[in-house]
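Descriptive structure summary
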Amino acid sequence: MPRRLRVAAAVSPAQSAARRRYGTAAVCRPRRQWLSSLTARIGGGFAAATTGYRWYVPTQTTLPNLILHGINAALVPWIGPGRRHFVWGGSWAISREAFERIRLREAWAQTLSDDLVASRLLHAAGLKVAFEPHCLLKSPVAMTMAEMLEFVRNLLPKNMNCI
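Residues numbered from 1 in each chain as written. Predicted model: local features only at pLDDT ≥ 70, side-chain atom pairs only at ≥ 80, totals over all residues. Heavy atoms only, no water.

**Focus: the confidence of the model for the chain**
Rules: Confidence of the predictor at the level of single residues is captured by pLDDT, which takes values from 0 to 100. Each helix corresponds to a stretch of at least 4 residues labelled H or I by DSSP, and each strand to a stretch of at least 2 residues labelled E; elements are numbered beginning at the N terminus. Any pair of residues with heavy atoms lying within 4.5 Å of one another is described as a contacting pair.
Overall, the prediction assigns the chain a mean pLDDT of 78, with 75% of residues at 70 or greater. Across the chain, the element-wise mean pLDDT spans from 41 in helix H2 (residues 13–25) up to 94 in helix H5 (residues 96–101). A low-confidence stretch, residues 14–26 (pLDDT under 50), is modelled with 17 contacts involving residues beyond four sequence positions or located in other chains.

**What to know about the nonpolar core**
General note: in soluble globular proteins, nonpolar side chains tend to be found buried as a group. Heads up, the rule is: What is meant by a nonpolar core is a set of buried Ala, Val, Leu, Ile, Met, Phe, Trp, Tyr and Cys residues, joined one to another through side-chain atoms within 4.5 Å. For every residue, the accessible area (1.4 Å probe, protein chains only) is compared with the maximum for its type, and the residue is labelled buried under 20%, exposed over 50%, or partly exposed between those bounds.
Formed by 16 residues in total, the largest nonpolar core has its most connected members in Val 87, Leu 104 and Leu 122. Broken down by secondary-structure element, the contributors of at least two residues to this core are H5, helix H6 (104–108) and helix H7 (114–124). Among the elements that make up this core, the one with the highest residue count is H7 (four residues). Residues contacting Leu 122, with those up to four places away along its chain left out, are Ala 48, Ala 49, Val 87, Ile 94, Ala 98, Ile 102, Leu 127 and Val 129. Core analysis: the second largest hydrophobic core is formed by 10 residues, Cys 28, Trp 34, Ala 93 and Cys 135 among them.

**Structural notes on the packing of aromatic side chains**
Under the convention used in this document: Only Phe, Tyr and Trp rings are paired, with Trp represented by its six-membered ring, and only when their centres lie within 6.5 Å; those with planes under 30 degrees apart are stacked, over 60 edge-to-face, the remainder tilted.
The tally for this structure, following the rule as stated, stands at four aromatic pairs. Ring centres 5.7 Å apart and planes at 65° place the aromatic pair Phe 99 and Trp 108 in the edge-to-face group. With a relative accessible area of 3%, Trp 108 lands in the buried category. Ring pairing ties together the aromatic residues Trp 92, Phe 99 and Trp 108, which thus form one cluster.

Put into structure tokens, the structure is as follows:
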């Protein structure tokens, strides 16, 4: 299990949220209310987990960056209300009850992908994942064509199982 998952699974909910925020802030630029927005709808029968999403914002107007930006635009309809959401590893939260119920700590021991495993287990348990629009995070991107193709080659096949 990757170190960041061992740490997240071992700490208290407040510490886990703080660590998640720190990890996200390194790549994205979360709003001041990001954490409270992400956790506001967890529990109380509404959702077992919530997710934001990253929105790639090209820092250079190049073909690979525009393609990646276009992929984001194509995915937006999949994150609206009434959809079967998957959690995005850069911005998601889960209730402690759901975490324990789906045995996420044990599942993480066998994987490198925290978000896809969590999505699969949440869906298999019939638990709701809610998209939180206030947690759509801008993520600056500047990729070469080779980097963008590698990114898409690695990301899309893995996520197709969750859609």
